[in-house]
Amino acid sequence: MNRSIRLLGTAALTTLLATPAFAQQTPAGTTINNQATVSYSVGGSPQTSTSNTVSFVVDKKVNLAVAEVGGSATRVAIGATDQVTTFTVTNLTNATQDFRLTPDQQTVSIPLLGTDDFNVTNLRAFVDSNGNGVYDAGIDTATFIDELAPDATVTVFIVADIPNTQGIHTAIVGLKATVAAGGGSGVLGADLVATSLLTPDSPSTVDIVFADDANLLDQPRDGAHWAFDAYTIDSAAVTMTKTVRVISDPYNLLVNPKAIPGAVVEYCMTISNAGPGTATGVTLSDVVPANMTYVSNSLTVGGLGVGGQCVLNGTIEDDDATGADESDPYGGSFDGTTVRATIGTVLPLVPLTVAFRATVN
């Protein structure tokens, strides 16, 4: 995928997210007749005269709006299938129209959605046929909008599969709707073509005038409109590395201590999250090995780790599971056999540690 990156300014984002304003419009093809009357007097006697009738038909003003529903990215898991993002398409044309739908993977960076870094697969677009606002597989099967009345809005779903690839984060997708000819139920009409500017107006002909605004990826007055959403991976790849080092022994003290009976060792558990999502509800348990005695109140939680080593100890926890020390973001306890720690949240690429000490029997 060619990842050309463009940033949108505030004005462009306002265009993308704006809600269309509806206004009742005279339907295209409506015949408007007009006749004038002149009043006058002849010899004191009132008289009237009526002009001929002039007529013209109202031309077709083509406009539409496509909008993303929800205002935030759709959170998905790696390898998930049939994941749904939701849009609406509104017919702002003064006539009933069909709309051709084009779902697409984007190569742009949109500040509100993130930076695109992977491709979805099996990308499809379906119309909400029963109007419940929820994608129903096997029911919502229409791939174009058929005979949408003026000022009416319909929901459209983009459905896609997420690749089973570690390290991916955001896929930006877009929905393009193009105004097509109405009048044939069950059949997608041809894309509308604007009447040439070189063609004089004919009172008896319904001319076609494009009136849609410019938007990202399309030009003004082209009979099409885009809106965008994103799939964001909501998963975390959590791993833990455990190391042990000798802190002291009864004879060498702190100078190159050895793991002899009476020596104090420190166990360090480093919890890492490769992302892309944030891991929550993280807890740890570790049974103190045989031939070891836990050092009371040596448990620390929430420190920083580098290379599997504890380089900065976290919050000191006492040995019970209650008290003020359990009300901060981290918690810990020892029940006589097992060390337990509550870490809570682990952000991507920010390893946190749990450490405790024990004595060799």
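Residues numbered from 1 in each chain as written. Predicted model: local features only at pLDDT ≥ 70, side-chain atom pairs only at ≥ 80, totals over all residues. Heavy atoms only, no water.

### Observations regarding the overall build of the protein
- Each helix and strand counted, the protein has one helix and 27 strands in total.
- With respect to the three principal axes, the spread of C-alpha positions in the protein is 135 × 45 × 35 Å.
- Long-range contacts, defined here as pairs at least 24 residues apart, represent 72% of the contacts in the protein between residues at least 6 apart.
- As displayed, the protein offers around 18200 Å² of accessible surface, 55% of which is attributable to carbon and sulfur atoms.
- With 14 positive and 34 negative side-chain charges, the protein shows a separation of 8 Å between the mean positions of the two kinds. (Helix = DSSP H or I, 4+ residues; strand = E, 2+ residues; numbered from the N terminus. Contact = heavy atoms within 4.5 Å. Areas by Shrake-Rupley, 256 points an atom, 1.4 Å probe, with all protein chains shown as cover. Lys, Arg positive; Asp, Glu negative; His and termini not counted. Charge placed at Lys NZ, Arg CZ, Asp CG, Glu CD.)

### What about the sheet that holds strand β6 (residues 64-68)?
- Here four strands make up an open sheet; going across it, the order is β6-β8-β14-β12 and the pairing antiparallel. At either margin of the open sheet sits one strand with a lone partner, and together these are β6 and β12 (121-127). The average angle at which neighbouring strand axes cross in this sheet is 20°, direction not considered.
- Where strand β8 (residues 83-91) and strand β14 (residues 153-161) come together, eight bridges link them in antiparallel fashion. Paired with V89 across the two strands is V154, which belongs to β14. (Pairing = 2+ DSSP bridges. Axes fitted to C-alpha atoms, helices over the stretch in contact; angles between N-to-C directions.)

### Some points on the pattern of salt bridges
- Tallying each qualifying case throughout the model produces seven salt bridges.
- Salt-bridge contacts for D82 lead to R124; the nearest nitrogen and oxygen are separated by 2.8 Å. Placement of D82 in the loop between β7 (74-76) and β8 and of R124 in strand β12 is noted, with a sequence separation of 42 residues between them.
- Residue D82 is classed as partly exposed on the basis of its relative accessible area, which comes to 37%. (Salt bridge = Lys/Arg side-chain N within 4 Å of Asp/Glu carboxyl O. Buried < 20%, exposed > 50% of the residue type's maximum accessible area, 1.4 Å probe, protein only.)

### What to know about the packing of aromatic side chains
- Evaluated as defined, the whole model comprises six aromatic pairs.
- With a centroid separation of 5.9 Å and an interplanar angle of 5°, the aromatic rings of W226 and F228 are classed as stacked. As far as burial versus exposure is concerned, W226 and F228 are alike and both buried.
- Centre to centre, the rings of Y294 and F356 are 6.0 Å apart; their planes meet at 45°, and the pair counts as tilted. Within this pair, whereas Y294 is found in strand β21 (residues 292-294), its partner F356 is found in strand β27 (residues 352-360), the two being separated by 62 residues in sequence. You'll find Y294 and F356 in the same group, each marked buried.
- Taken together, Y267, Y294, F334 and F356 form an aromatic cluster joined through their ring pairs.
- Residue placement shows K242 over the ring face of Y267; its charged tip is 4.7 Å from the ring centre. (Phe/Tyr/Trp six-rings, centres within 6.5 Å; stacked < 30°, edge-to-face > 60°. Lys NZ or Arg CZ within 6 Å of the ring centre and 35° of its normal.)

### Examining the pairing of β27
- The element β27 is extensively covered by neighbouring structure, given that seven of its nine residues are classed as buried.
- Summarising the sheet, strand β19 (residues 264-276) and β27 pair through eight bridges and their orientation is antiparallel. What sits directly across from C268, in β27, is A355.
- Bridge count between β21 and β27: three bridges; the pairing is antiparallel. Considered in β27, the bridge of T293 is made with T359.
- Note that strand β22 (residues 299-306) and β27 share four bridges and pair antiparallel.

### Let's talk about a nonpolar patch on the surface
- Where nonpolar side chains cluster on the molecular surface, the patch consists of L304, V306, V311, L312, L347 and V350 and spans about 520 Å² of accessible area.
- Breaking the nonpolar patch down by element, the ones donating at least two residues are β22 and β23 (309-312).
- Tracing the backbone shows V306 in strand β22. (Patch = residues over 30% accessible without salt bridge, like charges linked within 9 Å, V, L, I, M, F, W, Y side chains within 5 Å.)

### Remarks on unusual backbone geometry
- Of note in this structure, N122 is not a glycine but carries a positive phi near 55°.
- Position of N122 relative to the elements: it lies in strand β12.
- A positive phi is found at N256, a non-glycine position, where the angle reads about 45°.
- The residue N256 is located in the loop between β18 (236-248) and β19 in this model.

### Looking at the side chain of T338
- Along the chain, the position of T338 falls in strand β26 (residues 338-346).
- Every residue in contact with T338, bar those within four places of it in the chain, is listed here: S285, D286, V287 and S333.

### A short note on the sheet that holds strand β9 (residues 97-105)
- Spatial strand order, β7-β17-β15-β9-β13: five strands in an open sheet with mixed pairing. Looking at the sheet topology across the chains shown, the edges are occupied by β7 and β13 (144-148). Here the average twist between neighbouring strands, direction ignored, is 25°.
- Sheet topology note: the strand β15 (residues 170-180)/strand β17 (residues 224-233) ladder contains nine bridges and is antiparallel. Its bridge partner lying in β17, G174 is registered against F228.

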